[in-house]
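# Observations on the model geometry
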Amino acid sequence: MGSQISGKDPWLAPVPPKDFVTTIRTGKIRPFGGVKGLSSAINKQPRQGKIQLTVGGLDGDERQYIHHKSPDNAIHQYDPRHYEEWKNILPERAHKFKVGAFGENISSAHLSEDNVCVGDKFRFGPEAIIQVTMLRQPCYKLNHRFEYKKMSRLIQSTGFTGWYYRVLQGGPVQEGDEIELIERINAHWPLSRIHHVLYTDFNNMEAAEEIGKLEGLSNEFIKLFQKRLSNGTENMNGRLLGDFAVPWQLFKLVEKTRLTPRVQKFVFENEESEIDMGDLNFGRFPHVRLRFGPDTNFTRAYSVVSGNMKSFELGIAKDDHSRGGSLFLHDNLKVGDVLEIAKGHNAVIPIISDDQADTSTRHIFILGGIGVTAFIGEIKALAEKAANFEIHYAVRSRDEAAYLDHLPASKTTVYAKNEGNRLDINTLIPPLENCVDNCKPLVYCCGPSSLLDACRDMTTKLGYPRSQTHFEEFGSASTGTGDPFEAEIKNIGQVLQVPGEKSLLDVLNEAGFEIDSSCLVGNCGTCMVTLCEGEVAHQGVALEEEQKEGNILTCVSRGKGRILIDC
């Protein structure tokens, strides 16, 4: 071999002992990372019993990235011993490092990047034969997975990458099966040496040429090393950084001011020195997710009153039935405290576009309490365009009407409960057939669940298309709660009890299924899982009607009796 060293070869890989598979996991493609447009099947769940292994991989396993759909990437294995090392490297994220976090299909006790070589053939279970094709090249999705923007580079530098197999012979496999090396053809090319040439000794073209000719190497790596020989070392930034910014950033609370007896103003400033201009501004109906409290996984979503990702303002009401969110922010958060905050993303809702926001459209805002914050930016934009709009703002009393000074007085009607002036949905939403002179009504609503439900019921009764309604649901204390039900997990048969005070999302994550989530109120679709059987009381706006037949938003929707789901 061209790069072999005379004498004792430091790259001669030890022969691994007979091993056994400790876990088998498969996953479905799902929205991922709370980032609009980003999806992945990295969230793989454990499988029990026999599973069929074919050239395409494990039955029930999906792969989102087109190159990962190659037969050369049929199975991903990760050394579970790395998880303890990761906990030492990133102790503040230790809770994230548990088996399955890297999206691996299988784990075993003794195999590693040091004793596994390219081309190695293993017998897996009684019939299957698999062959090592390449190590895993970390990509930007791992930044999102671990909510750390340097994660992919850190994985690359440590070499804790895992590796892929192709399936030479299929068969049934299951947890506990033996995995035994039956043929080694490249004994001097362990995966750790491939890693060394890829990322450290990358100018060693002699080694690159030799790797490109190794028997069993994946087509992806053959092409990679061929390009390196002709064009030099490749640019790795696209793979490591991607097109998506890591959502969580550090913000300091710089102002906390009481606006009403129940509402406080919170102003946050970004602690990051550099912010990409493409990530600076919010979208049309901005909101953010805050992560805070003694449990770092405690998150809540709030509408943004004004600002951008350098500095922004929130208006937060102290909820009488707070489950810890508004209570903590009002009573415990102090000026100078630093939180992790992420820009939120709504579902893509086909509401009327900005260039149609003129007098031919009648914009009707129906707001309850702190729900006013959801549309302050939209109202300001409409006022600047002299658009046709009206605001109906329901509060307990006038002294609790937060941000009233942000609303044009001539366009705003306040309904104060203590004055006996109650908002009546029936008089505010016009029947479509009554709209004359091509004036299209567009209804916006945000507030307590009773107001949202009444507004939805009325617009549905009157036949409003989805393009003429927009609902925001942040801050509802009853999000995801309701009548108890059971959720059976397909493939493993586990039945989870979902009590009335918890959401399906809460129960799934407590059971170890690690369902990704973002808005927590049914707006974004990140927490969606497949509904196989059963009846569901759907909540939230992220699913189209046809999607509701086969999916459920775990953060807000609830089953009736028992449902069957696939995570």
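Here we summarise the structure given alongside this text.

Thresholds, definitions, all that
Residues numbered from 1 in each chain as written. Predicted model: local features only at pLDDT ≥ 70, side-chain atom pairs only at ≥ 80, totals over all residues. Heavy atoms only, no water. Helix = DSSP H or I, 4+ residues; strand = E, 2+ residues; numbered from the N terminus. Buried < 20%, exposed > 50% of the residue type's maximum accessible area, 1.4 Å probe, protein only. Contact = heavy atoms within 4.5 Å. Pairing = 2+ DSSP bridges. 1 Å grid on protein atoms, 1.4 Å probe; cavity = no way out; pocket = protein on both sides within 12 Å on 5 of 7 lines; lining within 4 Å. Points joined across faces, edges and corners; volume = space filled by probe spheres on them. Core = buried A, V, L, I, M, F, W, Y, C linked by side-chain atoms within 4.5 Å. Expected span 1.5 Å × (residues − 1). Arc of directions from axis to C-beta. Axes fitted to C-alpha atoms, helices over the stretch in contact; angles between N-to-C directions.

## Here we look at the side chain of Gln156
Mapped onto the secondary structure, Gln156 falls in helix α3 (residues 151-158). Gln156 sits in the buried class, given a relative accessible area of 10%. Residues contacting Gln156, with those up to four places away along its chain left out, are Pro138, His195, Tyr199, Met236, Arg239 and Leu240.

## Thoughts on the environment of Glu215
Following the sequence through the fold, Glu215 ends up in the loop between α5 (205-211) and α6 (219-231). The spatial distance from the C-alpha of Glu215 to the C-alpha of Val118 is 7.8 Å, given a sequence separation of 97 residues. Setting aside anything within four residues of it in sequence, one finds Glu215 in contact with Val118, Gly119, Ile185 and Asn186.

## Considerations on the environment of Gly171
Summarising the element assignment, Gly171 is placed in strand β12 (residues 171-173). The exposure class of Gly171 is buried, given its relative accessible area of 1%. Residues Gly171 and Thr54, spaced 117 residues apart in sequence, show a C-alpha to C-alpha distance of 6.8 Å. Among residues more than four places away in sequence, those in contact with Gly171 are Ile51, Gln52, Leu53, Glu127 and Ala128.

## Focus on the sheet that holds strand β5 (residues 51-54)
Spatially, the three strands line up as an open sheet ordered β6-β5-β12, and their pairing is antiparallel. This sheet does not close on itself; its edge strands, each paired only once, are β6 (57-58) and β12. Summarising the sheet, β5 and β12 pair through three bridges and their orientation is antiparallel. When the sheet's bridge partners are listed, Leu53 is paired in β12 with Gly171.

## Section: empty space enclosed by the protein
Applying the stated rule across the entire model yields one cavity of 30 Å³ or more. The calculated volume of the largest cavity comes to roughly 80 Å³. Taken together, Lys28, Arg30, Pro31, Ser40, Ala41, Asn43, Ile515, Asp516, Thr526, Met528, Val529 and Cys567 form the lining of the largest cavity. If you list the elements that add at least two residues to the lining of the largest cavity, you get β2 (30-31) and β27 (528-537).

## Details of the nonpolar core
Most often, soluble globular proteins have nonpolar side chains that are buried together. Among the nonpolar cores identified, the biggest contains 41 residues, and Leu53, Phe122, Phe124, Ile130, Tyr165 and Ile194 are the most heavily contacted of them. Apart from the residues lying within four places of it in its own chain, the contact partners of Ile130 are Leu53, Ile75, Asp120, Lys121, Phe122, Phe124, Tyr165, Arg166, Val167, Leu168 and Ile179.

## Describing α6
Taking 1.5 Å of rise per residue, 13 residues should cover 18 Å, and α6 covers 18 Å from first to last C-alpha, within 8% of that figure. Turning to α6, its buried residues are Phe221, Leu224, Phe225 and Arg228. Along the axis of α6, the buried residues cluster in a sector spanning 90°; they form a single face. Pointing more than 90 degrees away from the buried face of α6 are the exposed residues Lys223, Lys227, Ser230 and Asn231. On the buried face of α6, the contacting elements are β10 (128-135), α4 (191-199) and α5. Trailing α6 by a residue or two, Gly232 shows a phi angle of about 90°, which is positive.

## Observations concerning the sheet that holds strand β19 (residues 338-343)
Sheet architecture is closed into a barrel: six strands sit in the order β14-β15-β18-β17-β16-β19, paired in antiparallel fashion. Ignoring strand direction, the axes of neighbouring strands in this sheet form an average angle of 45°. Looking at chain direction, strand β16 (residues 287-291) and strand β17 (residues 299-307) are connected through five bridges and run antiparallel. Directly across from Leu290, in β17, lies its bridge partner Arg300.

The values are spatial; any link to function lies outside them.
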